[in-house]
Amino acid sequence: MLDSNFFHYTGTTLCCDEVSLEELATTFGTPLFVTSRRSLIDSYQIFELAFKLLPHFTCYSVKANYNLSVIRTLSELGCGCDVNSGGELYRALQAGVSPEKIIFAGVGKRADEIVYALQSEVLMLKAESLSELRAIDRIAGELGKRAAVAIRINPNVTAETHPYITTGDSKEKFGIDELELPSVFSLFSQLPNLKLVGLDMHIGSQIFDPEFYLAATVKLLAIFKASKELGFAIEFLDIGGGFPVTYDPLKPATPIECFAEKLIPMLLPLGVKVIFEPGRYLVANASVLLTRILYKKSNHTGKQFFVVDAGMTELIRPALYQSHHEVQSVTFHDETVVADVVGPICESSDFFARHRAIPQAEEGELLAVMSSGAYAAVMSSNYNGRLRPAEVMVNGSEVKLVRKRETLEQLVQNERL
Ligand code: LLP
C-alpha cells in the first residue's frame, strides 16, 4: 500500500485530505482524477528545501500534468514553467504564469510556435539543433527582436530508466551533439538576433541514481567553461527534470536530498542561476484515478479479472512502459485476491495491474489507481470513443471541479459531414 499523508483511510474509507473518495465518485461520477492541492504544495516545498542553498529557479514541466489549476497552484508558490509546445505555452499563460517565468523547449518547434514564444516574451527558448538556431534567428529578425536562447546539449549519458524515457544518449533525437558544439558556438557570430544565455540538458525521466546527473553535469560544466572562454556570458545552467517518485512501495525512490547533496557542491561555485525542470516529482503522487468495478469474472485457468470503468485511455503508463501503479479499494478490505485489473478498451494491453493481490472488493465498489498525477490525464485519448474524465482538486475539506467530463457532443464537434 502506498502511504501518503494526502490519500489515507479514515475508518474504512479512502480519503483525499478530508474528503471521502466515495463521496467524490457519487458527486462527480467515474472515472475521475482526484488531485490533492496540499500534496502539490508539499512536493514543491520539499524540492525547494532540498536545493535551498543553491541559487536556482524551478520550472515545473507542465507536460506531466497541464491542468490549469495544477499549473496555477505551483505558480502561486513562485514556480516557473517549462513548456514544450505552443499549446503548453498557451496553457501556462492562461493559468496566469508570467512569460518571464516560462522557458520553451522542444525538439521540433514550428515557426508559428517560435513566433508565439518570442511575441509572448518568454524567458528563453531552448534550441536543439543548428538549423533551429538559424530559424529562431531569422524569425527574431523578422519580429525585430533579439531572442534569448539556451542550447540543449546531448551529454551522451545513458541514464538507467525505461528505454522510452531516456533522453541524454547519442542514439536519441534530443539535444545537440557534443562534437557539434564548436560549430554551434561559432555560428552565433553569424546570428545577430540571438543571445546565448543558457546551457541545458535533460537526461531522462524517473532516474533513481544521482550518478547519472553527476556524469552529465560534469560534461555540462566543461562546456560552460569552454563557452566562457569564448566570451559567452551564460546566465543559466538548466539541469532538466527526471527526479524519481515512488510508484511501488517495494521500490522506493531515491530521496531528492540525495540528488541535491551531489549537485549543489558542483553547481554552487559557478555563480550562475541553475534551472530545474521537475515534472513527475511535483505531481505524480498528488492524484489518483478513481474507477468503479463494473464486473468481476474468472476463467477455467483460475484467472480472475476485475473489469473497471477506466482504462488505458485515461492512464496509458502500464501499457506503454509496463509501469506499476498501486491499486487500492476505496472501502478497506483485509482480504485480497490475485487478479488482473483491466479496462473496457479493446486491447490486451489495457490493464492497470496483472496477476496482483487486489483487495477483495465487490462489483459496484470503487478502486483507486494510485500515483496518477503525472503523464496520466495529459496522455488520455478518445480512443474507442471514450470521453476524457472529469478532474477535481481537493484542498482540505474543499472540493473544486477543475475539469469537466467531456460530452458526446464534444467528441464530434470538430467534424463535418
Ligand atoms: N524537461 C524536459 C525537456 C523533458 O522532456 C521532461 C520530460 C521533463 C523536463 C520532465 O521530466 P520529469 O521530471 O517528469 O521526469 N510519459 C513518460 C514520461 C515522459 C517524460 C518526457 N519528458 C512517463 O509516463 O513515464
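Figured I'd write up the structure that's included with this text. Please read all numbers here as calculations on a predicted model, not as lab measurements.

So, on to the packing of helix H8 (residues 210-229) against helix H9 (residues 256-267). Where H8 contacts H9, the axes come no closer than 10 Å and their chain directions differ by 15°. The angle between H8 and H9 places the two elements in the roughly parallel class. Remark: the crossing between H8 and H9 carries right-handed chirality. On H9, the residues touching Pro210, Glu211, Tyr213, Leu214, Thr217, Val218 and Leu221 of H8 are Cys258, Phe259, Lys262, Leu263, Met266 and Leu267. When its residues are assigned to classes, the contact of H8 with H9 shows 10 nonpolar, 1 polar and 2 charged.

One finds Phe51, Tyr60, Leu133 and Ile151 to be the most contacted residues of the largest nonpolar core, which totals 85 residues. Broken down by element, this core gets its largest block of residues, 8 residues, from H8. With residues near it in sequence (within four places) discarded, Leu133 still touches Ala127, Val149, Ile151, Val184, Leu187, Phe188, Leu191 and Leu194.

Among the 18 residues in the neighbourhood of the ligand, the closest are listed as Ser205, Glu277, Arg317, Tyr321 and Tyr375. Between the ligand and the protein, one listed contact pairs an oxygen atom with a side-chain N or O atom of Lys63 at 3.5 Å. Here an oxygen atom of the ligand and a backbone polar atom of Gly279 are 2.8 Å apart. Compared with its free state, where it exposes 590 Å², the ligand has 91% of that area covered by protein.

A separate point is the sheet that holds strand S3 (residues 19-20). Strand order in the open sheet formed by 3 strands is S1-S2-S3, and the pairing between neighbours is antiparallel. Strand pairing shows two members of the sheet lacking a second neighbour, strand S1 (7-10) and S3, which therefore form its edges. Here strand S2 (residues 13-16) runs beside S3; their pairing, made up of 2 bridges, is antiparallel. The residue bridging Cys16 from the neighbouring strand is Val19, located in S3.

Moving on, we come to the side chain of Thr291. With respect to the secondary-structure elements, Thr291 resides in strand S14 (residues 287-298). Look at Thr291 and you get buried, because its relative accessible area is 0%. Side chain to side chain, Thr291 and Asp309 meet in a polar contact 2.6 Å long. Beyond its immediate sequence surroundings of up to four residues, Thr291 is in contact with Thr30, Val308, Asp309, Ala310, Glu365, Leu366, Leu367 and Val369.

As a further point, take the pattern of salt bridges. Within the structure shown, the criterion is met by 21 salt bridges. For Arg403, the salt bridge is made with Glu406, and the minimal N-O distance between the two is 3.5 Å. Taking the relative accessible area as the measure of exposure, Glu406 reaches 14% and is therefore buried. One salt-bridge network, in which partners are shared between bridges, spans Lys63, Asp82, Lys126, Asp238 and Glu277.

Cut-offs applied
As a convention, each chain's residues are numbered from 1 in the sequence order in which they are written. Reporting in this predicted model follows two pLDDT cut-offs: at least 70 for local features of residues, and 80 or more for side-chain atom pairs to be given and counted; totals over whole chains, interfaces and linings ignore these cut-offs and use all residues. Calculated side-chain values reflect all of the structure's heavy atoms, with hydrogen atoms and water omitted. All axes are obtained by fitting lines to C-alpha atoms, using only the stretch in contact for helices, and the reported angles, taken between N-to-C directions, cover 0 to 180 degrees. Note on conventions: DSSP H or I runs of at least 4 residues are helices, E runs of at least 2 residues are strands, and numbering of each starts at the N terminus. Small angles under 35 degrees read as roughly parallel and large ones over 145 as roughly antiparallel, with 65 to 115 read as roughly perpendicular and the rest as oblique. Handedness of a helix crossing follows the sense of rotation of the near helix relative to the far helix, less than a right angle counterclockwise being left-handed and clockwise being right-handed. Residue contacts follow a heavy-atom distance rule, with two residues in contact if any of their heavy atoms lie within 4.5 Å. When residue character is reported, Ala, Val, Leu, Ile, Met, Phe, Trp, Tyr, Cys and Pro are called nonpolar, Asp, Glu, Lys and Arg charged, and the others, Gly included, polar. In plain words, nonpolar cores are sets of buried Ala, Val, Leu, Ile, Met, Phe, Trp, Tyr and Cys residues tied together by side-chain atoms within 4.5 Å. Any residue under 20% of the maximum accessible area for its type is buried, any over 50% is exposed, and the rest in between are partly exposed; the area is computed with a 1.4 Å probe on protein chains only. Whether a residue is near a molecule or strand depends on its heavy atoms: if one lies within 4 Å, it is near. Polar contacts, as used here, are pairs of N or O atoms within 3.5 Å; protein pairs need one atom able to donate a hydrogen and one able to accept it. Residues neighboring in sequence count only if both atoms are side-chain atoms. Calculation of accessible area relied on Shrake-Rupley with a 1.4 Å probe; when residues are assessed, cover is drawn exclusively from the protein chains displayed. By this definition, two strands are paired if DSSP reports at least two bridges between them. A side-chain nitrogen of Lys or Arg and a carboxyl oxygen of Asp or Glu constitute a salt bridge if their distance falls within 4 Å.

These figures come from the coordinates and say nothing about function on their own.
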